[in-house]
Amino acid sequence: MPLDPFLVPLLETLPTVPAEIEDIALFRAQENAGAAALAQQLLEPAPPVRSKRTVTIPVHDGVITLNVFHPDSHGPHPVHLYFHGGGWIGGTIHSALIDVLCQERAAGADCIVVAVEYRKAPEHPFPAALNDGYAALLWVAENVQALGARADVITVGGGSAGANLAAALCLKARDDNGPAIAFQLLEIPALDFTFSSPSIRSKGTGYGLTEQTLHSCRRLYLRSETDATNPYASPLLAENLSDLPPAHIMSAEYDPIADDGARYAERLTGAGVPATFSLQLGHIHGSSAFTKVMASARAWREEALQALRTVHVRNSPVS
């Protein structure tokens, strides 16, 4: 279908990412300011939750923070581990945009949401962010009783670079015999650093996220070109996708990485993993957040929440 009419004038005002990011601190500050402005103008207010708190956990060579959101209902609750986007170089859980999303998930899917402030490249290149995510998964599994959580229903999710990390985390947890993950919810996922999806070229300019930006992020995130085919960087290229958690994958129609999601769902299904895919028509990369002004963004949100609710019901101890 055509691009959503709301997005046509918006695309003309979106700032472009330079081919080379020389001042990463300035880039992050500008990105965070832009996200704050979008959140105020284009997002519906967050629903209430019982509580939000920040905890600090140790990781290799450092510490990271987690934001933990509890729904306003009796537990124990499923847990949803969430990874924000930002091209592996930016973004933060300490933003209104992520607060709204996490509160929507906690209230709408009646689960505890744990948002991960993983460390960013170029200071912390691949696989630091993934290892931070694995540390967060271990922390959740080790603290289920204190959290009032259910160890048997830990799900993971993320958007864009965060969806890449969530998918890679499922691979790592399988390979390392880590905590069981019940489900993965991948939204606008970037899953192939060789950029072999046809949509990279067909949608690579004119729709906000560009092929040039993807290349810039790759240069900053990966240690070398050989990392591009590492399955923990490019889950789509993993030889073995069997024994992974069921997945629901959502991609935007006008997004350079739209085909990554479709291809991954097909490969998961071929490996015997239950996987569903939906192409969100009329959307660009990131427009799922615009719930105040786009009915289709509200429908996207409901689809994501329903995917989580379905998993929770399917895994309920009550027959």
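As the structure is a computational prediction, the values presented were derived from the model and not from experiment.

A. Here's a closer look at the overall build of the protein. For the protein, the helix and strand inventory stands at 10 helices and 8 strands. The C-alpha atoms of the protein give 18 Å as radius of gyration, which agrees with the globular expectation for 319 residues (20 Å, within 12%). In terms of principal-axis extent, the alpha carbons of the protein reach across some 50 × 40 × 40 Å. Expressed as a percentage of its 319 residues, the buried residues of the protein come to 55%. Across the protein, the fraction of contacts at a sequence separation of at least 24, relative to all contacts at a separation of at least 6, is 79%. Split by element, the accessible area of the protein, about 13,200 Å² in all, is 56% carbon and sulfur. Taken together, the 22 basic and 33 acidic charged side chains of the protein have centroids lying 3 Å from each other.

B. Just the pairing of strand β8 (residues 275-284), in detail. As paired strands, strand β7 (residues 247-254) and β8 are joined by 7 bridges and run parallel to one another. Paired with A247 across the two strands is A275, which belongs to β8. In this fold, β7 hands off to helix α9 (residues 258-270), which returns the chain to β8; that crossover is right-handed.

C. Layout of unusual backbone geometry. For the bond running from G75 to P76, omega is 5°, close enough to zero to count as cis. For P76, the location among the structural elements is in the loop between β2 (62-70) and β3 (77-83). Despite not being glycine, D61 has its phi angle at roughly 65°, a positive value. Note on placement: D61 falls in the loop between β1 (51-59) and β2. Under the relative-accessibility criterion, D61 is labelled exposed at 66%. In the Ramachandran plot, D110 falls in the positive-phi region, its phi being about 50° despite a non-glycine side chain. Structurally, the position occupied by D110 is in the loop between α3 (96-109) and β4 (112-117). For D110, a relative accessible area of 35% translates into the label partly exposed.

D. Highlighting the environment of Y207. Mapped onto the secondary structure, Y207 falls in the loop between α7 (199-202) and α8 (211-221). In the structure, Y207 is positioned 76 residues away from H283 in sequence and 9.3 Å away in space, judged by C-alpha atoms.

E. Representation of helix α6 (residues 161-175) within the structure. With 15 residues, α6 ought to run about 21 Å at 1.5 Å a step, and its terminal C-alpha atoms sit 21 Å apart, in line with that. Immediately downstream of α6, the backbone of N177 shows phi near 55°, a positive value.

F. How the structure looks around the packing of aromatic side chains. Applying the stated criterion across every chain yields a total of 8 aromatic pairs. Geometrically, the ring pair formed by W88 and F193 is tilted, given 4.8 Å between the ring centres and 45° between the ring planes. Of this pair, W88 sits in the loop between β3 and α3 while F193 sits in the loop between β6 (183-187) and α7, placing them 105 residues apart in sequence. Aromatic pair Y207 and Y254: ring centres 5.1 Å apart, planes at 35°, arrangement tilted. Linking Y207 in the loop between α7 and α8 with Y254 in strand β7, this pair joins segments that are 47 residues apart in sequence. Taken together, W88, F126, F193, F195 and Y221 form an aromatic cluster joined through their ring pairs. Above the face of the Y118 ring, K120 is positioned so that its terminal group lies 4.6 Å from the ring centre.

G. Local environment of the packing of α3 against helix α10 (residues 295-314). α10 packs onto α3 with a crossing angle of 45° between their chain directions and a minimal axis gap of 9 Å. One element, α3, and the other, α10, form an angle in the oblique class. For the crossing formed where α3 meets α10, the hand is right-handed. Counting all contacts with α3, which are made through E104, R105, G108 and A109, the residues of α10 involved are R301, A304, L305, L308, R309 and H312. Of the residues contributing to the contact of α3 with α10, the split by class is 4 nonpolar, 2 polar and 4 charged.

H. Summary view of the packing of helix α4 (residues 128-142) against α6. For the pair α4 and α6, the least separation of the axes is 10 Å and the interaxial angle reads 65°. On the basis of their axis angle, the class for α4 and α6 is roughly perpendicular. Seen from above, α4 lies across α6 with right-handed handedness. The residues of α6 that touch α4, namely those facing A129, L130, N131, G133, Y134 and L137, are L165, A168, L169, K172 and A173. Looking at the contact of α4 with α6 residue by residue, the classes come out as 8 nonpolar, 2 polar and 1 charged.

About the thresholds
Residues numbered from 1 in each chain as written. Predicted model: local features only at pLDDT ≥ 70, side-chain atom pairs only at ≥ 80, totals over all residues. Heavy atoms only, no water. Helix = DSSP H or I, 4+ residues; strand = E, 2+ residues; numbered from the N terminus. Rg over C-alpha atoms; globule rule 2.2 N^0.38 Å. Buried < 20%, exposed > 50% of the residue type's maximum accessible area, 1.4 Å probe, protein only. Contact = heavy atoms within 4.5 Å. Areas by Shrake-Rupley, 256 points an atom, 1.4 Å probe, with all protein chains shown as cover. Lys, Arg positive; Asp, Glu negative; His and termini not counted. Charge placed at Lys NZ, Arg CZ, Asp CG, Glu CD. Pairing = 2+ DSSP bridges. Right-handed = clockwise from strand over helix to strand, strands pointing away. Expected span 1.5 Å × (residues − 1). Phe/Tyr/Trp six-rings, centres within 6.5 Å; stacked < 30°, edge-to-face > 60°. Lys NZ or Arg CZ within 6 Å of the ring centre and 35° of its normal. Axes fitted to C-alpha atoms, helices over the stretch in contact; angles between N-to-C directions. Parallel < 35°, antiparallel > 145°, perpendicular 65-115°, else oblique. Left-handed = near helix turned anticlockwise from the far one by under 90°. Nonpolar A, V, L, I, M, F, W, Y, C, P; charged D, E, K, R; others polar.

Any functional reading would require information that these geometric values do not contain.
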